[in-house]
Amino acid sequence: MSMAQPGMSMERADIAFKINGAAVSVCVPPVRRLSSVLRDELHLTGTKVGCDAGDCGACTVLVDGEPVCACLMSVASAAGTVVTTVEGLANGRLSALQASFLDHGAAQCGICTPGLLVAATALLDSKPNPTEAETQDALGGVLCRCTGYRKIIAAVMDASRHADGVDRRMPQSGHAVGSSPIRLDGLPKVTGGEKFGGDSFPADALAVLVVRSPHYHARFAFGDLDAWIKAHPGAVGVYTAADIPGKNSFGVIAPFADQPALAEGFSRFRGEAVALVAGEREAMLDLDLSDFPVRWTELPHVLQPCEAQAGGAQLIHENRPANLLTTGFVERGDPEAALAGAAFTVSGAIDTSYVEHAYIEPEAGYAYMDGETLVVVACTQAPYMDRDDVAKVLGLAVDKVRIVPTATGGGFGSKLDVSLQPLIGLVAMKTGRPAALAYTRNESMISTTKRHPAEMKATIGADADGRIIGMVFAGDFNTGAYASWGPTVANRVPVHASGPYATPNYRAEGRAIHTNGPISGAFRGFGVPQATIMQETLYDELAEKLGLDRLDFRLKNCLRNGSETVTGQRLESGVGIAECLEALRPHWMRALVDAELFNAGSSTKKRGVGVASCWYGCGNTSLPNPSTIKVGISASGDVVLHQGAVDIGQGSNTVIAQICADALGLPLERFTLKSADTAITPDAGKTSASRQTFVTGKAAEKAGRALRETMLRFANVSEKAAIALDGTSLIIREGEATRHIDLSAMKADADGFVFRAEESYDPPTLPLDAKGQGKPYAVYGYGAQIAELEVDLKLGTAKLIKITAAHDVGKAINPLLAEGQIEGGIAQGIGMALMEEYIPGRTENLHDYLIPTIGDVPPIETILIEVPDPEGPFGAKGLGEHVLIPTAPAILNAIRHATGVLVTKIPATPSRIRAAIREKEARR
């Protein structure tokens, strides 16, 4: 649903044009955006709206064959033209380009895919075999946050090969794991048929607008709300905290829950919701909230942890002294004594910035009453957590709230927290009508969570042989106005801050500190990417002091099978970091030689090579972390998988089905997917912490094996028997004997199943004691990356040349999807390292806040390492977060290699690189 366009005339006119080959006429205000008309009047929701400012390109359509941003074009300007949207590309069958996108895995979450397909179609119409440079040029105006662009480039350049359709690569029975079939949810992503949060609003839904605080900290009071409503025709109601029937407090971690759905009396951060306005859609489109009756009294605020912790600082929450949310702590051995006796020590300090998730789909959804049950249909990463929080805020029993996730256009952690769910739920409850809300880009950026800014310092020591003997780390993490995932970051960082290296003497402390800044929450790595920058840049400095090759130094100290971690956990098997580093060795040696040759012939530009490693525990830290999967065989012979793990682009719909297929012993093409819905799918847990392939995958493996066992027991055969489906006939073969079971003649249960299984899995972990000793994770994933770049010494610009990434995935369930995850994570790591810095009040849109474009991501070489972990399904480990962690430190180490300077305020923008070079020159 389109948001308000202040001052827009409501006078209408008949405007005619052709759309996807058909003549249409609409009667709308001539200045209405073409994107709004396509979506709201013509219901062509394949055209996405990500910014309404021409910054993201998601709304790209063809007008008379030329790509344009439909959000920047008035419908009057389209009169008499021929418009083509993504829905018009297929013409009854997939275009070669759409088929190529599927084949290459170029669509992940799918929200940017229509814009990319349309822009690429225009390119291919004029240049059927474009070069990489031409492809990047043509698609440079469309942003993607998931893929890292490399598979998109490959799909466009390879489109001509797909003129005969898509190569589905469906695996043979029993061999789904390890193959790369077309993702099961891929087809609607390339046709425009996928329904995201804003794509299926009911026609009679009330539109909801949110009144938000313009101040970091302020007291407020409302004027005459009833009079204001009466003065605005079409407005139905205003709702404030006084209207909330339940407990006006939510939060992802129950003991820390502290955020009101609507602020009461005062706001703690810029962008906090204080009131809702609901009304008829047309009236809301033209509504200007500048005269809304609220009086603000600005109060003192603090934006930095040091200010928040200063003596006399006002408490943001009265029950949290010194504005300290919580502290995480790990200690092992005697680090001070070890450092005092070390042959070599290095110390440093690094600060990082807020990073915005910048998913291309702003938050969107609608709610309605189904009898006594509130149904919320919205984008989310955590449907069961949403259900519980919405029920609490709105005073409902949990079984009276149903969450139906839509396709989610990127999440990366921020869509774990509820946003609009209780707001639209409140309006639906109060009015009895459906209520719909789509955040503007500005709303999304000012009101949702960010990556925690960190202020870190550390000291690391080694003996004369180059063995790490001690490390001390301390990090203050700016958690903003409310708790969100601050406790998880504070606890996860100390466990991981050593990196994947044996560190016998160790102390690490992570502190989450409240400020009046944006709420910091989950973002791909939960604080570990920040801590890894600190640790890996010091490792480079220590290797230099020792006179050791930087890769060799890491290999000398990395964890191995039998090693003990800094929490005292003995890793018996499955430790793949050495294999990752060894796989990089030939690339490392080649890159160093290339850099040396380049630098010998260049004085104004210097080439650098950097390396960094990562490890990451899959799942919750020392907490229960279960997933449940239900699977059954229907009377019609379908295998129905109730899979509640939300796929936000990472591919869980496909990967979990592949695991279940092989465990069951039936081909993947027989599977029908029932996606997340709290009314019909068991709880598979939240999509976060790199847990779905491992945890939900393990539940799927158990469920598949249990279903197989049930069928074999029914047929009275051994586990060696083979099963197959032929229509409604279940065929079981053992040796020379074959048995046919007519499924249609069997009694089906309430789910329509004649055979069924439901299994859960919860990783075996142990709590951490007062010194952080214990078993926080059952499975860790590992990885290492090399970054090659050139730095212009005069301008301070860093140009990436190549990134080589080796990641231990245990078992690559779907190699193509794994590569896509690696490339996408690297792109986000590039942004964190070089350009992304969310500044409250200044970078609250996708024009001023920079994320990598298609021209910013260099060629990426992926090396999949498979060191199986006995705990994971078929040996698999998590991957989603690991892939971002080494990228930024590898880039920073490459800049240091090129220039001799380490940038200690991240991102390393040209001005910061140039300032560091000038400072070095001044010291000479």
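Focus: the side chain of N505
Mapping N505 onto the fold places it in the loop between α14 (486–496) and β22 (506–514). At a separation of 2.9 Å, a polar atom in the side chain of N505 contacts the main-chain amide nitrogen of D334. A polar contact of 2.8 Å, which involves the side chain of N505, links it to the backbone oxygen of I469. Leaving out residues up to four positions away in the same chain, N505 has contacts with R332, G333, D334, P335, A338, I469, G470 and M471.

Considering the sheet that holds strand β32 (residues 798–808)
Within the open sheet, the 4 strands sit side by side as β23-β31-β32-β33. Their pairing is mixed. Of all strands in the sheet, those with a lone pairing partner are β23 (605–617) and β33 (860–865), marking the two edges. Each adjacent strand pair in this sheet contributes to an overall mean axis angle of 15°, direction not counted.

Notes on the packing of helix α3 (residues 113–126) against helix α4 (residues 132–139)
Contact geometry for α3 and α4: axes closest at 9 Å, N-to-C directions at 130°. In this view, α3 runs oblique relative to α4, as classed from their interaxial angle. Along this stretch, α3 crosses α4, giving a crossing that reads as right-handed. Mapping the contact onto sequence places L116, A119, A120 and L123 in α3 and E134, T135, A138 and L139 in α4. Considering only residue class, the contact of α3 with α4 consists of 6 nonpolar, 1 polar and 1 charged.

Re the nonpolar core
By size, the foremost hydrophobic cluster in this structure holds 155 residues, and its most contacted members are F101, F473 and I891. The element best represented in this core is helix α15 (residues 528–546), accounting for 9 residues. Residues in contact with F473, not counting those within four places in the same chain, are M456, K457, A458, V493, A497, R507, A508, E509, A531 and M534. By size, the runner-up hydrophobic cluster in this structure holds 46 residues, among which are A700, A721, L725 and Y761.

What to know about the environment of D370
For D370, the position within the fold is in strand β15 (residues 364–370). Looking at D370, the relative accessible area reads 45%, which means it is partly exposed. Separated by 109 residues in sequence, D370 and T479 have C-alpha atoms that sit 38 Å apart.

Structural notes on the confidence of the model for the protein chain
Across the protein chain, the average pLDDT comes to 96, with 98% of residues at 70 or higher. Of the regions scoring below 50 in pLDDT, residues 1–9 engages in 34 contacts with residues more than four places distant in sequence or in other chains.

Structural notes on the sheet that holds strand β28 (residues 729–734)
A sheet is described by the order of its strands in space; here 3 strands give the open sequence β27-β28-β29, paired in antiparallel fashion. The strands lining the two open edges of the sheet, one partner per strand, are β27 (722–726) and β29 (737–742). Shown here is a sheet whose adjacent strand axes are inclined to one another by a mean of 20°, direction ignored. Alignment of β27 against β28, held across 5 bridges, turns out to be antiparallel. Pairing of A724 across the sheet is with I731, part of β28.

Section: helix α16 (residues 550–557)
The buried fraction of α16 amounts to 6 of the 8 residues, a majority that puts the element mostly inside the structure. On its buried face, α16 is in contact with β21 (468–480), α15, α17 (577–600), β23 and α21 (887–899). The backbone nitrogen of L551 has a side-chain oxygen 2.9 Å away, supplied by the residue at the start of α16, namely D549.

Considerations on the pairing of strand β8 (residues 235–239)
β8 sits mainly inside the fold: 4 of its 5 residues count as buried. Examined bridge by bridge, β8 and strand β10 (residues 273–279) share 4 bridges and lie antiparallel to one another. Along β10, the bridge assignment pairs Y239 with L276.

Here is what the cut-offs are and how they apply
Here, residues in each chain are numbered from 1, in the same order as that chain's written sequence. Thresholds applied to this predicted model are a pLDDT of at least 70 for local features of residues and 80 or more for the giving and counting of side-chain atom pairs; totals over whole chains, interfaces and linings are not thresholded and use all residues. To obtain the side-chain values, all non-hydrogen atoms of the structure were used and water was disregarded. Every helix listed is a DSSP run of H or I at least four residues long, and every strand listed is a run of E at least two residues long, numbered separately from the N terminus. Throughout this description, a polar contact denotes any pair of N or O atoms lying within 3.5 Å of each other; where both atoms belong to protein, one of them has to be capable of donating a hydrogen while the other can accept it, and for residues adjacent in sequence the pair is counted only when both atoms sit in side chains. Contact criterion: two residues are considered in contact whenever any of their non-hydrogen atoms come within 4.5 Å of each other. Strand pairing is defined by DSSP finding a minimum of two bridges between the two strands. Only C-alpha atoms enter the line fits that serve as axes; for helices the fit covers just the stretch in contact. Angles between N-to-C directions range over 0 to 180 degrees. Each angle gets one of four labels, with under 35 degrees taken as roughly parallel, over 145 as roughly antiparallel, 65 to 115 as roughly perpendicular, and the rest as oblique. Crossings are classed by handedness, with left-handed meaning an anticlockwise turn of the near helix from the far one by less than a right angle and right-handed meaning a clockwise turn. Residues are grouped as follows: nonpolar covers Ala, Val, Leu, Ile, Met, Phe, Trp, Tyr, Cys and Pro; charged covers Asp, Glu, Lys and Arg; every other residue, Gly included, is treated as polar. In this text, buried Ala, Val, Leu, Ile, Met, Phe, Trp, Tyr and Cys residues form a nonpolar core when linked through side-chain atoms within 4.5 Å. For every residue, the accessible area obtained with a 1.4 Å probe (protein chains only) is divided by the maximum for its type, and the residue is called buried under 20%, exposed over 50%, and partly exposed between those limits. A residue's pLDDT is the confidence the predictor assigns to it, expressed on a 0 to 100 scale.

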